[in-house]
Amino acid sequence: MKKISLIVFVLIVWVQGIIFAEPIKTEQVVYKEATTLEEVAPYPKAEKGMIRYGISLPLQENENDFCVEIIIGKTMIIDNNSHFFTGILEEKSLKGWGYSYYVIDEIQGPASTLMASLPGSEHEEFVRTYLGKSGFVRYNSKLPIVIYAPEGFEVNYRIWKAQPEMVNALEK
């Protein structure tokens, strides 16, 4: 009898809780309104010798038609040879969240072609790091693109858009 009374009492309290309970209010920071990356998700702080960058993208009608090219480099005094750095932009996942962020630990160079330069050909120019395919990331206006790069390097980006026309491939 005591067991049945206890079960009935628990059921009554549970039903009253459902009927009279106020809705649970949760505060969720909208990404575009966030002032820091920590308000969006617990992205790690930049390690010593690294800088954390964040890119916010505008909403697009069909985001699958867009791509973001990450450009990492530095402005240097160079001659008329082709100068460049090399590195690998590694995609990592924010544990427990599934959000991506990108890290470039090592940048090698600068390297250049070794053509003869004319005297006085020195000028200031942005020298980029060749990242290959890893430098192109998916367009997503709902989350920031977070990049960790070594101190002394800048992170820039440009947005690529697919043309609406498609061309049929020929059978060969």
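Residues numbered from 1 in each chain as written. Predicted model: local features only at pLDDT ≥ 70, side-chain atom pairs only at ≥ 80, totals over all residues. Heavy atoms only, no water.

K.L.:
Please explain the pattern of salt bridges as it appears in this structure.
P.N.:
Should their charged atoms come close, side chains of opposite charge can pair. Tallying each qualifying case throughout the model produces 4 salt bridges. Residue Arg158 is joined to Glu69 by a salt bridge in which the shortest nitrogen-to-oxygen separation is 2.5 Å. Note that Arg158 is positioned in strand β10 (residues 154-161) and Glu69 in strand β2 (residues 66-78), a separation of 89 residues in sequence. Through salt bridges with shared partners, a single ionic network connects Glu38, Lys45 and Arg52. (Salt bridge = Lys/Arg side-chain N within 4 Å of Asp/Glu carboxyl O. Helix = DSSP H or I, 4+ residues; strand = E, 2+ residues; numbered from the N terminus.)

K.L.:
So what exactly am I meant to see when it comes to the sheet that holds strand β5 (residues 100-103) here?
P.N.:
Think of a sheet as strands paired side by side through backbone hydrogen bonds, with each pair either parallel or antiparallel. One open sheet holds the 4 strands; their spatial order is β1-β9-β5-β4, and the pairing between them is mixed. Unpaired on one side and paired on the other, β1 (50-55) and β4 (90-93) mark the two borders of the sheet. Going across the sheet, the axis of each strand differs from the next one's by a mean of 25°, ignoring polarity. Taken together, the 4 bridges between β4 and β5 define a ladder with antiparallel strand orientation. The partner of Ser93 across the bridge, within β5, is Ser100. (Pairing = 2+ DSSP bridges. Axes fitted to C-alpha atoms, helices over the stretch in contact; angles between N-to-C directions.)

K.L.:
Explain the environment of Gly49 here, please?
P.N.:
Relative to the helices and strands, Gly49 is located in the loop between α1 (2-20) and β1. Sequence separation of Gly49 and Pro150 is 101 residues, and the distance between their C-alpha atoms is 5.9 Å. Contact partners of Gly49, with chain neighbours within four places excluded, come to Ala149, Pro150 and Glu151. (Contact = heavy atoms within 4.5 Å.)

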